There are 2 protein chains.
Amino acid sequence: MSDFIIKPSVNNTKLFKYKKSLDENNNIINLPIIIEKPLTLYLNNQEIVTMMTIGDYPEYLAIGYLFNQGMLKSMSDVKKIEYHKDLQTLVVRTKLKTNFEQKLKKKVNTSGCAQGTVFGDLISEINGISLNTKITIKHNQIINLSKIINNEPSLYLKVGAIHGCVLCDTNQPLYYFEDVGRHNAVDKIAGLILDKNINPTNMIFYTTGRLTSEMVIKCIKMQIPILISRSGFTSWAVEIAKKKKLTMIGRARGKRFNILSGDFRFKYE
Amino acid sequence: MSDFIIKPSVNNTKLFKYKKSLDENNNIINLPIIIEKPLTLYLNNQEIVTMMTIGDYPEYLAIGYLFNQGMLKSMSDVKKIEYHKDLQTLVVRTKLKTNFEQKLKKKVNTSGCAQGTVFGDLISEINGISLNTKITIKHNQIINLSKIINNEPSLYLKVGAIHGCVLCDTNQPLYYFEDVGRHNAVDKIAGLILDKNINPTNMIFYTTGRLTSEMVIKCIKMQIPILISRSGFTSWAVEIAKKKKLTMIGRARGKRFNILSGDFRFKYE
């Protein structure tokens, strides 16, 4: 049973267009293809970044991006969000001036499907975070979450070339976002958590993408104690996850998975 | 038959390490996991970027990165390359001062497995490029290239969580690079082309990753007329490919594929 509160934007026909292609038998076929659009983000009067995005949930994307980059602490700092669809810009106005100018100096290009700029003090920012150690997850809950997510109609299943990130509780997936880069999809989750004031400390973060250091850091920053992916993982990601006692589960496919870190939350039955 | 000139670094045991994990049956298993390491790139005395990379071919990665970002035109501009493995830094020294400071001002976060910072004038830089329209590719050549590449032992097959990029001629794949982000793997190809003075105008670029605008732009910038991927594609990527008459083939799996652009180079038999 699927009880998603937010489902993939699979019925939003503005997110993809049909283009003619030739298949291997020289037949012309019309293929639906995802549209990536630029969205330029301003924090007050400062241009921060231009993101390539599918364009749904621009406010969540913007807020989550700023939060994950350490430029925004909470929604109470936000005075106003102005989304100008025609100009492909979004302005987040804060009540007080921020100190992001200093942060902009330090940047690291991350690996994988990464947005590339994770500001250097992100790792130091997660130092103060302790994840909830009381929550547990059972074997069949992992299998069940993966199954529901993979069977849910999504842009991935319809047009491909896209990643999904899903915020779940132990029994069911709840909020399902997609974007061309999983870094955008995870930022939408962060924006949702901030905007709706969700308590994520008992929740699970599922992603279709690989578990790189960036994904692990963002998961910890959001204070989500369990991270599941159907893809692989890198060594640095595993090391950060272990250090921060994050339960990190990779290659969750069918009835199989690997627990790389934090197996104390895993209940084998 | 595989006649790769450069094969994946699958026998380089320094690129991965074994970590204990629990599988779905609560068994402890030792998994090989790819190691991502920072490499900070300097152009003369200017720090450019810190890249997360598996660490093989750092010189190709550095040269190709600078080339793809429009900061370096040819190897004859390079005076010296200093790779300090212990310091995880690489310095490219040029004969003359470069104008990259201006370029650093304009940046766009790209989608997908992108390094995130493609400098704004990259698109205008490819305007002057015309790809070779004389080369053709046959149905069975596409199938054959895919098959050889997918059967070649690789870090992907061994440890996962990694992308491959392969420079091929129409009959065989030749240079096979991998990295945690496909943006690094494509930069290694660009570095190789520059360093070995390879003429890529009759060649084919194969990637395991998705075809986003960034991959298409880099392929055109390298003057490679045919781009093949086993993954999907975005709308903007298709539009750039069409405009520049790039032959773009996606979802090449088994005997199937889709030609999205430049089908005049395709010979159906």
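That block above? That's the structure.
All values derive from a computational prediction rather than experimental measurement.

A.B. asks: What is the right way to look at the interface of chain B and chain A in this model?
C.D. replies: Buried accessible area, meaning the area lost when the parts come together, often serves as the stated size of an interface. Listed by partner, the interface residues are 62 residues for chain B and 62 residues for chain A. Counting the surface lost from both chain B and chain A, the interface buries some 4900 Å², and carbon and sulfur atoms represent 51% of this. Where chain B packs against chain A, one counts six salt bridges. A salt bridge links Lys17 of chain B to Glu239 of chain A, with the shortest nitrogen-to-oxygen separation between them at 3.1 Å. Linking chain B with chain A are 24 residue pairs in polar contact (both at pLDDT 80 or more). Of all elements in the fold, only strand E1 (16-23), strand E2 (28-34), strand E4 (46-53), strand E7 (107-108), helix H8 (235-243) and strand E15 (256-261) of chain B reach the threshold of two or more residues within the side of chain B that touches chain A. For the side of chain B that touches chain A, a count of residues per class yields 26 nonpolar, 22 polar and 14 charged.

A.B. asks: Looking at this structure, how should I read the sheet that holds strand E15 (residues 256-261) of chain A?
C.D. replies: As a general point, the strands of a sheet are linked pairwise by backbone hydrogen bonds and lie either parallel or antiparallel. Strands sit in the order E11(A)-E10(A)-E12(A)-E13(A)-E14(A)-E15(A)-E1(B)-E2(B) across an open sheet of eight strands; the sheet is mixed. Strands with a single pairing partner mark the edges of an open sheet, and in this sheet they are strand E11 (173-179) of chain A together with E2 of chain B. If you compare each strand with its neighbour and ignore which way they point, the axes differ by 30° on average. Pairing analysis gives four bridges linking strand E10 (residues 163-168) of chain A to strand E12 (residues 204-207) of chain A, with the strands arranged antiparallel. What sits directly across from Leu167 of chain A, in E12 of chain A, is Phe205 of chain A.

A.B. asks: Is there a simple way to think about the state of the cysteines in this case?
C.D. replies: By definition, a disulfide links two cysteine residues through a covalent bond between their sulfur atoms. All names here are of chain A. Under the criterion given, the structure shown has zero disulfides over all chains. Unpaired in this structure, Cys165 has its nearest cysteine sulfur neighbour in Cys219, at a distance of 9.8 Å. Considering cysteine sulfurs only, Cys165 is the nearest to Cys168, which forms no disulfide, with 10 Å between them.

Basis of the calculations
Residues numbered from 1 in each chain as written. Chains lettered and ligands numbered in written order. Predicted model: local features only at pLDDT ≥ 70, side-chain atom pairs only at ≥ 80, totals over all residues. Heavy atoms only, no water. Contact = heavy atoms within 4.5 Å. Buried area = accessible area lost by both parts, 1.4 Å probe. Salt bridge = Lys/Arg side-chain N within 4 Å of Asp/Glu carboxyl O. Polar contact = N/O pair within 3.5 Å; in protein donor to acceptor, adjacent residues only side chain to side chain. Helix = DSSP H or I, 4+ residues; strand = E, 2+ residues; numbered from the N terminus. Nonpolar A, V, L, I, M, F, W, Y, C, P; charged D, E, K, R; others polar. Pairing = 2+ DSSP bridges. Axes fitted to C-alpha atoms, helices over the stretch in contact; angles between N-to-C directions. Disulfide = S-S within 2.5 Å.

Function cannot be read off these values alone, since they describe shape.
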